[in-house]
Amino acid sequence: MITEDGPDAGRLAPLPRSGLTVGRNGAAWRLADPFLSAPHFRLDMEPDGVRITDLAPSPRPTAHCYSWWHGDRPHRAGSSVFRLVRGRPHPLTPVGELPGLVVDPGSEPARPNPLVQAIMAAGPLVIGVVMAVVTGLWYFLLFSLVSVAVVAVMWSQHRAAARRHGRRIRDGAQRIRDQLDALAPTPGRLSWAARSDAADRFGVGGGAPSAPDGPLVRWGAGTARLPLASAKDGGSWDRWATVELPATSVLRPDHATLVTGQPSTLRALAYWLQVQLCRDAVATGRGVLVATPDGESRWGDADGGTSGTVLCWPGAAAPPLPDGWHRVILNEAGPPGGRAGAPEVTTVAQDRLDPDQGVARLGDLEFTAFRYHGMSASTADWLLDELGAAARPPRQTGAAVLVLPDPLMTGAAVDSLRVELTSGQEAVAIDLVSHGPHVLVAGTTGSGKSELLLTLLTGLAAAHPATEVSFVLMDFKGGSSFAALAELPHTMSVETNLAQAESLRTFDALSAELRRREELFLAARAPDFRSYRRAHPEADLPRLVVAVDELRVLMDDHPQAAALLARLAATGRSLGFHLVLATQRAQGAVGPDVRSNLGTVICLRTATEQESWDLLGTAEAFTIPADAPGRAYLKHGGQPARPFRAGQFSVVTGPPTLAPWTRGPTAAVPAPWPELVGLIRGEAETRGLPVPQQAVTPALPGSWTPAPAERSAVPGAVVVGLGDLPRQRAQVPVRWRPGLDAPAAWIGTAAGGVDEAARNVLTQLAQLVDHGPGPDAASTSGGTTVVLDGAGVLCPAGTPAWPAHWSVLTAEQASAEALAGIVDRLRTELARPSPARLVVTHWGRWATQRVGTGYETLEEHLTHLLRDHGPGLLAVAVFGGRELAGGRVLGQIPIRFYLPAGTTPEHRMVWPTLHRVKEVPGRAVMVSPEHPAPGIAVQLSEPPSAGTPRP
């Protein structure tokens, strides 16, 4: 069986005795025909012929009906025509001269005058009636009826002559149809002839062209009215001259043919047209040039010939050609006037076809009920191989090459923020100001989404300095997408989903930047970013591009981010914010508030047809081949989608390399992002370009040791760590001042760094004592210092390492009497009043210890001391774990440092709801009266070396 006609014509399939199912999907033989069901029918070999069982769904639940097919007629299903073939195929006849499309049926029969015939019939009849009435003789009526009979005979003779003339017209039209059908074969006949073993199976061995005006091509079939050679009353013969004809045309030099339709229609028709043009090129030597968005392919004498045909695919620029060439332009269907960006057709006498509308105008013929011939890429490739016209390597393969602008970073972003995604005179570009303010990039895995994002951002950075545009990059693919751009001077922050806490702090910083810009514009009475920058050109205020790769992961991990994105989307245009959101599936990831503010959608290959319809309003993104990464459709607002293939930046680093060409798509080579970023960064450093203030400060370091100046900035204070204040765009030292600040507690485990925190505090307290300004160290320390060292912080190696005047009690020395002495000493000092310091490590070893001979525990005594004495007299630092977090004494300690590393959910059950931080040793969340829950992130400082002096 062969597919004679339809959108996927030229296919052949053997018909086995076991049967064959045919359909759009779910069948043994699948055809790209949208009007076929899945499956549509089944063929079974029977002794009486081929039985066709209809499998298409029916609104009435009846049994499947069947019919018999003997091969004497074609079978129609969907928009395809099938034919049974057997035996040895016959070769095609060479292309001959195109027959005249005018029917000459001979002279037209004379049409009798109706008035004369009426008089001839009515006159004698009236006279006979009058005579019969006057004379009373009835036979006068017989004489009058004879005239009526004569007129009737004359009229019937004329009708018979007219029918004979009409049949001559119909026979002439059918002869023209048969001649056209023989000269221009269908895709099915061409594929069947390819199976022949004849020497000239395609009819291309004639040498000189028999159709000198140009290639004869067959577009499809339709109904048309052929003109008559001589017709005095043309309208009366229309029904005889209107027949179904092959829709053929000769592609004459310096003419053009415009084909308008959906991309899938244009693609199938273009493959079939390419096969016909190559058959003509093999026979005549005429040139063929196929221009696609990926480059150009040439056949025949395309390089130096004076005549030929150029086939321009959608999205491809028509190359300049000398006179004598015919242009076939494929134009995607769109609003009146054609698709935006389509090439303008200015050549003369162009033919027009609209296959999806079923109409065509070819020369003087107007076709209705037009059915186009289409072909798949695989079928076309097979026929081109059989023709001996296999494609040469395209002159430009893969993505177009983009080059960095020269000079770099000279553009202003006040009125425009433009970046080109392709090269050439008709480059595809996005302006985040006029086309934005926000962009959605959607595409399934392997579609080239991440490369396109890098191209877009690198293009913005190369064209604008960091003071004009800056980036906040959120990479939820583990850091594989945006890591290459981290060294750009434009990049303020690169956050990944490997550290979810860092993403949360980025949201806080962006929220603060939103409020800051609102207040800034309000104070300046500026309605939007453009007005403010025009009034303050020296302002340190760049446009801020927030790029998110894998938006769905962000929404799943941080549902609270939806509110911020909605606010950014709503106010971004006026405040200078631009969202570039990338996701594999937009449904469910892009909320309605964000989607309503999207100005541009870039849709790469989608996983389902529904996703393409959702983003573009068509199914074209679903049909993008999987081996064409970077191919996409660009849609601005309500404009029709425009196809393109994203370019790729290149850096010239040496002479070109040569590699053998192989048939098929070439493997995509990633752009040299490190070299590109290095060039941009080096240029910025060479010219000394300023960098704007960071809207998103860098994340806290994994470890932090304060500089001597930071330790001595506040006399008498212990530097606890480095606090992160993303809303204030700052990171500041966190200090605890014994005798001034409230008691402090460090809650965590040894693995989380609580013992290191205790060692840091004790070391700094010891240095405050040892290097005090007075002659008596004990007096300058501010009073008594008591240390309950349950964790062995002061003597890790068994050797005491504390000042001699400190009262230190270790866990091995703990007893009720010893604790009673410590508590009594504290009460005595506080009663004078005299300041005192108390440091407790490993609180769990001390909390339940009884003090003296009574039943009160140390926790109860410490609670009373804290309640009765303010921080000016009693400075307390307590380090512990779950016992401290759930104990009574914590209610008297307002400054708390929670260290989540090394803890379990059971440990944190009694903790307040805290700001999420990266769980590494030394990373804490500080909760205090100035920073209530959820608190702020703090990286605890490393203990100073033993010889570090303190003023």
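Just so it is clear, the structure is predicted and the values come from calculations on it, not from any experiment.

A. Broad picture of the overall build of the protein. Tallying secondary structure elements over the protein gives 20 helices and 40 strands in all. Within the span of the protein, comprising 951 residues, buried residues form 49% of the whole. A separation threshold of at least 6 residues defines the contact pool for the protein, and within that pool the share at least 24 residues apart is 68%.

B. Seen up close, unusual backbone geometry. Residue proline 833 is bonded to the preceding arginine 832 through a cis peptide linkage, with omega at 0 degrees. When you line up the elements, proline 833 lands in the loop between α18 (816-831) and β36 (836-841). Each neighbour pair has its own omega, and for alanine 933 with proline 934 the value is 15 degrees, a cis peptide bond. Along the chain, proline 934 turns up in the loop between β39 (923-927) and β40 (936-940).

C. How the structure looks around the environment of aspartate 475. Relative to the elements of secondary structure, aspartate 475 occurs in strand β23 (residues 469-475). Separated by 20 residues in the primary sequence, aspartate 475 and glutamate 495 have C-alpha atoms spaced 5.9 Å apart. Among the polar contacts listed, one links the side chain of aspartate 475 to the backbone nitrogen of lysine 477, at a separation of 3.0 Å. A distance of 3.0 Å separates a polar side-chain atom of aspartate 475 from the backbone nitrogen of phenylalanine 482.

D. Here's a closer look at the nonpolar core. Residues Trp219, Leu226, Val275, Leu311, Val328 and Phe367 are the most contacted members of the largest nonpolar core, which totals 55 residues. Tallying contributions element by element places helix α5 (residues 263-284) first for this core, with 11 residues. In this structure, phenylalanine 367 is in contact with Gly222, Thr223, Ala224, Leu245, Pro246, Ala247, Gly358, Val359, Ala360 and Leu362, ignoring residues within four places of it in sequence. Met474, Phe507, Phe577 and Leu579 belong to the second-largest nonpolar core, a separate cluster that totals 47 residues.

E. Molecular detail of the packing of aromatic side chains. Scanning the entire structure with this criterion turns up 9 aromatic pairs. Ring geometry for tryptophan 29 and phenylalanine 82: centres 6.4 Å apart, planes at 55 degrees, overall tilted. Taken as a pair, tryptophan 29 in strand β3 (residues 29-30) and phenylalanine 82 in strand β8 (residues 80-83) lie far apart in primary sequence, 53 residues in all. Given the relative accessible area of 6%, tryptophan 29 is considered buried.

F. Main features of the sheet that holds strand β5 (residues 49-54). Spatial ordering of the open sheet is given by β3-β2-β4-β5-β6, a layout of 5 strands whose pairing is mixed. Unpaired on one side and paired on the other, β3 and β6 (66-69) mark the two borders of the sheet. Where strand β4 (residues 41-46) lies against β5, 6 bridges are found, and the strand directions are antiparallel. From the neighbouring strand, glutamate 46 faces β5, where its bridge partner is glycine 49.

G. Highlighting the confidence of the model for the protein. Model confidence for the protein is summarised by a mean pLDDT of 84, while 86% of its residues fall at 70 or above. Confidence drops under pLDDT 50 across residues 335-347; counting only partners more than four residues distant or on other chains, this segment forms 23 contacts. Ignoring residues within four places in sequence, the model shows residues 947-951, a span with pLDDT below 50, making 11 contacts including any to other chains.

H. Quick look at the UniProt feature "binding site: ATP" (unreviewed entry) in the protein. The sites that UniProt annotates as "binding site: ATP" (unreviewed entry) are Gly443, Thr444, Thr445, Gly446, Ser447, Gly448, Lys449 and Ser450. The topology assignment puts glycine 443 in the loop between β22 (438-442) and α7 (449-463). In this structure glycine 443 touches Lys449, Thr583, Gln584, Leu604 and Arg605, once residues within four positions along its chain are discounted. Tracing the backbone through its elements, the reader meets threonine 445 in the loop between β22 and α7. At a separation of 3.2 Å, a polar atom in the side chain of threonine 445 contacts the side chain of glutamine 584.

I. Quick peek at the pattern of salt bridges. For the structure shown, the criterion picks out 34 salt bridges. Ionic pairing is found between glutamate 550 and lysine 449, a salt bridge with its closest N-O pair at 3.7 Å. Taken together, the residues span a long stretch of sequence, with glutamate 550 in the loop between β25 (543-549) and α10 (551-557) and lysine 449 in helix α7 at a distance of 101 residues. Here glutamate 550 and lysine 449 have matching classes, each one buried.

J. Looking closely at the pairing of β5. Adjacent in sequence and paired antiparallel, β4 and β5 are bridged by 2 residues. Inspection of the sheet shows β5 paired to β6 by 4 bridges, in the antiparallel sense. Within β6, the position partnered with isoleucine 52 by the bridge is serine 67.

K. Spotlight on the sheet that holds strand β7 (residues 75-77). An order of β1-β8-β7 is seen for the 3 strands of this open sheet, with the pairing classed as antiparallel. Strands with a single pairing partner mark the edges of an open sheet, and in this sheet they are β1 (2-5) and β7. Averaged over all adjacent pairs, the angle separating strand axes in this sheet is 40 degrees, with direction ignored. As paired strands, β1 and β8 are joined by 3 bridges and run antiparallel to one another. If you follow threonine 3 over to β8, its bridge partner there is phenylalanine 82.

L. Here's a closer look at the pairing of β22. Here β22 lies mainly inside the structure; 5 of its 5 residues are buried. The alternating pattern of β22 places His438, Leu440 and Ala442 and Val439 and Val441 on opposite faces, both of which are buried. Two strands pair when backbone bridges link them, and β22 and strand β26 (residues 577-583) are joined in this way by 4 bridges, in the parallel orientation. The residue bridging leucine 440 from the neighbouring strand is leucine 581, located in β26.

M. Broad picture of the packing of α5 against helix α6 (residues 377-387). For the pair α5 and α6, interaxial distance at closest approach is 9 Å and the crossing angle is 5 degrees. Put simply, α5 runs roughly parallel to α6. Along its contact with α5, which presents Tyr271, Gln274, Val275, Cys278, Arg279 and Val282, the element α6 presents Ala377, Ala380, Leu383, Leu384 and Leu387. Along the lines of polarity and charge, the residues of the contact of α5 with α6 split into 9 nonpolar, 1 polar and 1 charged.

N. Local environment of the side chain of arginine 729. Mapping arginine 729 onto the fold places it in the loop between β31 (718-725) and β32 (730-736). Judged by its relative accessible area of 16%, arginine 729 is buried. Only 3.1 Å separates the side chain of arginine 729 from the side chain of glutamine 693, close enough to count as a polar contact. Residues within four places of arginine 729 in sequence aside, it is in contact with Glu513, Arg516, Gln693, Gln694, Ala695 and Thr697.

Conventions we followed
Residues numbered from 1 in each chain as written. Predicted model: local features only at pLDDT ≥ 70, side-chain atom pairs only at ≥ 80, totals over all residues. Heavy atoms only, no water. Helix = DSSP H or I, 4+ residues; strand = E, 2+ residues; numbered from the N terminus. Buried < 20%, exposed > 50% of the residue type's maximum accessible area, 1.4 Å probe, protein only. Contact = heavy atoms within 4.5 Å. Polar contact = N/O pair within 3.5 Å; in protein donor to acceptor, adjacent residues only side chain to side chain. Core = buried A, V, L, I, M, F, W, Y, C linked by side-chain atoms within 4.5 Å. Phe/Tyr/Trp six-rings, centres within 6.5 Å; stacked < 30°, edge-to-face > 60°. Pairing = 2+ DSSP bridges. pLDDT = per-residue confidence, 0-100. UniProt positions renumbered as here; feature names shortened; annotations may be inferred. Salt bridge = Lys/Arg side-chain N within 4 Å of Asp/Glu carboxyl O. Axes fitted to C-alpha atoms, helices over the stretch in contact; angles between N-to-C directions. Parallel < 35°, antiparallel > 145°, perpendicular 65-115°, else oblique. Nonpolar A, V, L, I, M, F, W, Y, C, P; charged D, E, K, R; others polar.

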